[in-house]
Amino acid sequence: MDNKITFVDTHAHLDGEEYQNDLPEVISRAKQSGVGAVFVPAINRESIVTVMKVCRQHPGFCFPMLGLQPEEVKEDWQEVLSDMKQAFEDNLCKEADSPLKYIAIGECGLDFYWSRQFEKEQLQAFEKQLEWSIEFQLPLMIHCRKAQNEMLHVMQPYVNELPGGVFHCFTGNQKEAERFLQLDRFCLGIGGVSTFKSSHLREDLPAAVPLQRIVLETDSPYMASVPFRGKRNESAFAVEVLKTLAQSYNVSESEVATITNNNVYRLFGVSASA
Ligand SMILES: [Zn+2]
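Conventions adopted
Residues numbered from 1 in each chain as written. Predicted model: local features only at pLDDT ≥ 70, side-chain atom pairs only at ≥ 80, totals over all residues. Heavy atoms only, no water. Buried < 20%, exposed > 50% of the residue type's maximum accessible area, 1.4 Å probe, protein only. Helix = DSSP H or I, 4+ residues; strand = E, 2+ residues; numbered from the N terminus. Pairing = 2+ DSSP bridges. Right-handed = clockwise from strand over helix to strand, strands pointing away. Phe/Tyr/Trp six-rings, centres within 6.5 Å; stacked < 30°, edge-to-face > 60°. Axes fitted to C-alpha atoms, helices over the stretch in contact; angles between N-to-C directions. Parallel < 35°, antiparallel > 145°, perpendicular 65-115°, else oblique. Contact = heavy atoms within 4.5 Å. Nonpolar A, V, L, I, M, F, W, Y, C, P; charged D, E, K, R; others polar. Arc of directions from axis to C-beta. Salt bridge = Lys/Arg side-chain N within 4 Å of Asp/Glu carboxyl O. Donors = N, O, S within 2.8 Å, 3.2 Å for Na, K, Ca; no water.

Student: Give me the lowdown on the pairing of strand β3 (residues 62–66), citing residues and values where you can.
Tutor: Among the five residues in β3, five count as buried, and that is most of the element. Burial of β3 is two-sided: the residues Cys62, Pro64 and Leu66 facing one way and the residues Phe63 and Met65 facing the other way are all buried. Of the strand pairs in this sheet, strand β2 (residues 35–42) and β3 are connected by five bridges, and their pairing is parallel. Its bridge partner lying in β3, proline 41 is registered against methionine 65. After leaving β2, the chain enters helix α2 (residues 45–57) and then returns to the sheet as β3, a path that is right-handed.

Student: If you had to explain the packing of aromatic side chains to someone new, which residues and values would you point to?
Tutor: Per the counting criterion, the structure on display carries ten aromatic pairs. With a centroid separation of 5.7 Å and 70° between ring planes, the pair formed by phenylalanine 88 and tryptophan 132 is classed as edge-to-face. Placement of the pair is phenylalanine 88 in helix α3 (residues 77–94) and tryptophan 132 in helix α4 (residues 119–136), with a sequence separation of 44 residues. Each member of the pair, phenylalanine 88 as well as tryptophan 132, carries the same accessibility label: buried. Where tyrosine 113 meets tryptophan 114, the ring centres are 4.9 Å apart and the plane angle is 90°; that geometry is what we call edge-to-face. Here tyrosine 113 falls in the partly exposed class, since its relative accessible area comes to 39%.

Student: Before we move on, could you go through the packing of helix α5 (residues 148–155) against helix α6 (residues 174–181) and cite the residues and values that matter?
Tutor: The relative placement of two packed helices is expressed as an angle between their axes plus a distance between the axes. The N-to-C vectors of α5 and α6 enclose an angle of 10°; their axes lie 11 Å apart at closest approach. The orientation of α5 relative to α6 falls into the category roughly parallel. Judged by residue contacts, Gln148, Asn149, Met151 and Leu152 of α5 engage Glu176, Arg179 and Phe180 from α6. Class assignment of the residues belonging to the contact of α5 with α6 gives a composition of three nonpolar, two polar and two charged.

Student: Please set out α5 residue by residue, giving values where relevant.
Tutor: Within the span of α5, buried status applies to Gln148, Met151, Leu152, Val154 and Met155. Angularly, the buried residues of α5 cover 160° about the axis, an arc narrow enough to put them on a single face. Of the residues in α5, the exposed ones pointing more than 90 degrees away from the buried face are Asn149 and His153. Buried positions along α5 lie against β4 (105–111), α4, β5 (140–145), β6 (165–168), α6 and β7 (186–190).

Student: Lay out the pattern of salt bridges in plain terms, naming residues and giving numbers.
Tutor: Within the structure shown, the criterion is met by eleven salt bridges. A salt bridge links aspartate 22 to arginine 29; the nearest nitrogen and oxygen atoms lie 3.9 Å apart. By relative accessible area, aspartate 22 is classed as buried at 19%.

Student: Quick rundown of unusual backbone geometry? Include the residues and the values.
Tutor: Each neighbour pair has its own omega, and for glycine 106 with glutamate 107 the value is 20°, a cis peptide bond. Here valine 226 and proline 227 are connected by a cis peptide whose omega angle stands at 5°. Within the fold, proline 227 resides in the loop between β8 (214–216) and α8 (238–249). The phi dihedral of glutamine 137 is positive, around 50°, even though this residue is not glycine.

Student: Describe the coordination of the zinc ion, naming the residues involved and giving the relevant values.
Tutor: Within the protein, the atoms that donate to the zinc ion are His11 (NE2), His13 (NE2) and Glu107 (OE), at distances of 1.9 to 2.1 Å. Mapped onto the sequence, the donors of the zinc ion take the spacing H-x1-H-x93-E. Residues histidine 11 and histidine 13 agree in their burial class; the two are buried.

Student: Talk me through the packing of α2 against α3; I want residue IDs and the actual numbers.
Tutor: At their nearest, the axes of α2 and α3 sit 9 Å apart, and the two run at 25° to each other. With respect to α3, the element α2 is oriented roughly parallel. Counted together, Arg45, Ile48 and Met52 of α2 and Glu79, Val80, Asp83, Met84, Ala87 and Asn91 of α3 form the full contact between these two elements. The residue makeup of the contact of α2 with α3, split by class, is five nonpolar, one polar and three charged.

Student: How would you sum up the environment of lysine 231? Please name residues and give values.
Tutor: Relative to the elements of secondary structure, lysine 231 occurs in the loop between β8 and α8. Along the chain, lysine 231 and proline 221 lie ten residues apart, while their C-alpha atoms are 8.4 Å from each other.

Student: Describe the side chain of glutamine 122, naming the residues involved and giving the relevant values.
Tutor: With respect to the secondary-structure elements, glutamine 122 resides in helix α4. Excluding residues that lie within four positions of it along the chain, glutamine 122 makes contacts with Pro70, Val73, Gly109, Leu110, Asp111 and Phe112.

Student: An account of the pairing of β6 is needed here, citing residue identities and associated values.
Tutor: A two-sided burial pattern is seen for β6, the buried positions comprising Gly165 and Phe167 on one face and Val166 and His168 on the other. Inspection of the sheet shows β5 paired to β6 by four bridges, in the parallel sense. Along β6, the bridge assignment pairs histidine 143 with histidine 168. With α5 bridging β5 and the parallel β6, this β-α-β connection has right-handed handedness. As a crossover connection, the stretch from β6 through α6 into β7 is right-handed.

What follows is the structure in structure tokens.
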């Protein structure tokens with residue numbers, strides 16, 4: 001692959017314990033494969049600290065995001081949200097011009113795949129974070145699983161004011177893609193699932209989604225691309241997603257990189273070669 005091509009992994013949990021023994025190697029393999037920046041989401045109270053630690057170790061390469069992930073919404077969700085709000089306010093004040101400034105709210109969203117036990121709380125927590133997105137003028141990094149109708153319903157009153165964002169780990173069909181893309185400042189995050197043999201994304205995406213509405217991601221440590229499927233994922237494997245999209249859109253790899261980098265810059269204000 002041409003060394004000059006760089007691109008962004010917009011979603012990787014590099015603060016996870018899966019990387020505690022070899023994060024420097026993971027980062028250096030990512031850089032070698034062309035990754036120019038990685039966005040790392042805090043998802044709960046504990047990861048507020050661990051995400052910032054990773055980003056501090058790799059400033060200008062790892063960029064922090066913060067939100068309450070829907071599967072992390074439990075009885076204490078209101079306290080966690082108030083801690084997160086405080087963390088945002090401190091960060092925006094202290095790190096205003098630094099690479100450690102939060103670049104997005106998230107990951108946040110709705111997930112009714114396993115359980116609807118906290119459905120009401122998930123909806124309220126997500127709505128709160130929509131309000132933050134408008135208040136702080138930060139884009140959203142959204143997790144949506146088995147909840148598209150509910151999600152679009154909650155977002156509806158805010159769509160004109162929201163600065164935009166990403167529906168991360170998109171694996172749906174053409175119709176689902178079209179519904180998300182009706183929100184015109186939003187993109188779909190495409191990851192390793194697109195490389196799976198069984199995946200219909202390679203046909204559905206070119207049919208329904210312009211590259212101008214796609215960003216690349218890995219969702220590491222989950223969802224590793226073919227040929228690494230089932231193994232621990234890492235940011236370097238984003239290149240497999242890039243290659244897959246180039247093939248299915250029938251464009252060059254550098255074109256996919258250029259267009260998705262522009263999308264990332266438009267949404268997050270971060271350049272791939274930061
Ligand atoms: Zn995630």
